[in-house]
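Chain by chain, the residues:
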Amino acid sequence: MAIYQVDNTINQIPLKNGYVYCISSIHNIKSILEHGFRTPKKLQTQFAQLINNKPLDEYICFYFNPRNSLLYSRQKTYGDYIVILEIKKDVLLLNNVIFTNKSVKASNFCFADEIKDLLNPNFINWDEVFATAWNHPNENIKNEKKFKMMAEVLVPDMVPSAMIAGIVCQNSSVCEKVAKLLNNSINISWNSSLFFDISTNNESKAQLFTPKTKDELKTLINDESVYLGNIDTSAITDMSDLFF
């Protein structure tokens, strides 16, 4: 296990409720509590994305703002089974931890390996990280807003389950399911405001997208904030190689 040093800087970082967060399915929680967060070891290839000379898939990823586009996408796919794990802020002090100012999916993201950089406004803008929405008529601006809300904490290899402070569910019924599944003393609560409202009624009232070209359709498909059921493809006559 990594050894971390006490650093008062951590108390100056504007964390939401004093935590960082992990988005997970209730089916993974029991294993995480028993074994901690672990990354699968994979063979490094010349195409692997490296951060600080380490492949990205050898880091465990946590978010400063859990209410981001990944959560939206996971809720769309898995519904109430998605929960948010509250991670103690001490995780920021673990050895070799990396901080990013936006999602690593962004081509222009930056990373830092010192906690003091989280207090540098030239590195990270906390107002943008904790924004409540990323929608914008300009596609480039929308993506930039979305990526900034997904600023990350990357910890190599393993994080012990002792770093979990609690589990937040979408509603009381999910809380009951998780409590029965775990049968332990970890704090389990529900807070719908941390999640997105993706009810059927809201989906039917959502914006309908009507792409005119295959390229416009590809852009929508790759946007995790867009519900695929709200895409009208009737105006596209050529879908050749769309799924190539």
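Along each chain, the written sequence defines residue order, and numbers are assigned to residues from 1. Restriction of local features to residues with pLDDT of at least 70 applies here, the model being predicted, together with a cutoff of 80 or more for giving and counting side-chain atom pairs; totals for whole chains, interfaces and linings are based on all residues. The side-chain numbers reported here are obtained from all heavy atoms of the structure, hydrogens and water having been left aside.

Trainee: Tell me about the nonpolar core, residues and numbers included.
Mentor: Residues grouped as a nonpolar core are buried Ala, Val, Leu, Ile, Met, Phe, Trp, Tyr and Cys residues, joined through side-chain atoms within 4.5 Å. Burial classification: accessible surface area is computed with a 1.4 Å probe over protein chains only, and a residue below 20% of its type maximum counts as buried, one above 50% as exposed, and the rest as partly exposed. Ranked by size, the top nonpolar core spans 42 residues in total, and within it F37, F62, F64, L85, I87, V91 and L92 carry the most contacts. A run of H or I in DSSP becomes a helix once it reaches four residues, and a run of E becomes a strand once it reaches two; helices and strands are each numbered from the N terminus. Breaking this core down by element, the ones donating at least two residues are β1 (19-25), α1 (26-35), β5 (59-63), β6 (82-88), α3 (126-129), β9 (152-156), β11 (164-169) and α5 (172-182). Here F37 is in contact with C22, I32, I60, F62, L85, I87, D157, M158, V159 and I164, once residues within four sequence places are set aside. Y21, I23, V168 and I198 belong to the second largest nonpolar core, which has 16 residues in total. Contacts are residue-level and defined by heavy atoms, with any inter-residue pair within 4.5 Å sufficient.

Trainee: If you had to explain α1 to someone new, which residues and values would you point to?
Mentor: For α1, the complete set of buried residues consists of I26, I29, I32 and L33. Here the buried residues of α1 occupy an arc of 95° about the axis, which is enough to place them on one side. Summarising the geometry of α1, the exposed residues directed more than 90 degrees from the buried face are H27 and E34. Close packing links the buried residues of α1 with β1, β2 (37-38), β6, β11 and α5. Just beyond α1, the residue with positive phi is G36, at close to 80°. In this context, the arc is that of the directions from the helix axis out to the C-beta atoms.

Trainee: For the packing of α1 against α5, give the residues involved together with the corresponding values.
Mentor: Interaxial angles span 0 to 180 degrees and are taken between N-to-C directions of axes, which are lines fitted to C-alpha atoms, for helices over the stretch in contact. Orientation of α1 relative to α5, taken along the N-to-C sense of each, is 35°, at an axis distance of 10 Å. Considering the relative orientation of α1 and α5, their crossing is right-handed. For the pair formed by α1 and α5, the contact residues are I26, I29, K30 and L33 on the first element and V174, V178, L181 and L182 on the second. Here the nonpolar group is Ala, Val, Leu, Ile, Met, Phe, Trp, Tyr, Cys and Pro; Asp, Glu, Lys and Arg are the charged ones; every other residue, Gly included, is treated as polar. Among the residues forming the contact of α1 with α5, the class breakdown is seven nonpolar, no polar and one charged. Throughout, a crossing is termed right-handed when the near helix is turned clockwise from the far one, and left-handed when it is turned anticlockwise from it by less than a right angle.

Trainee: Tell me about the pairing of β5, and name the residues and values.
Mentor: Along β5, four of the five residues are buried, which leaves the element largely enclosed by surrounding structure. Judged from the five bridges that link them, β5 and β9 form a sheet pairing that is antiparallel. Opposite I60, over in β9, you have V155 as the bridge partner. Pairs of strands are assigned from DSSP output, requiring at least two bridges between the strands.

Trainee: Break down the pattern of salt bridges for me, citing the residues and quoting the values.
Mentor: Salt bridge criterion: a side-chain nitrogen from Lys or Arg within 4 Å of a carboxyl oxygen from Asp or Glu. For the coordinates displayed, the defined rule picks out seven salt bridges. Across the pair K54 and E58 runs a salt bridge, and its minimum N-O distance is 3.2 Å. Of the residues examined, K54 reaches a relative accessible area of 19% and is grouped as buried. Assessed through its relative accessible area of 10%, E58 is described here as buried. Close ionic contact of E128 with K148 constitutes a salt bridge, the shortest N to O distance being 3.2 Å. Of this pair, E128 sits in helix α3 while K148 sits in helix α4 (residues 139-148); the two residues are 20 residues apart in sequence, bridging distant segments of the chain. Overall, E128 belongs to the partly exposed group, its relative accessible area being 33%. A network of salt bridges, in which partner residues are shared, links K102, E128, E144 and K148.

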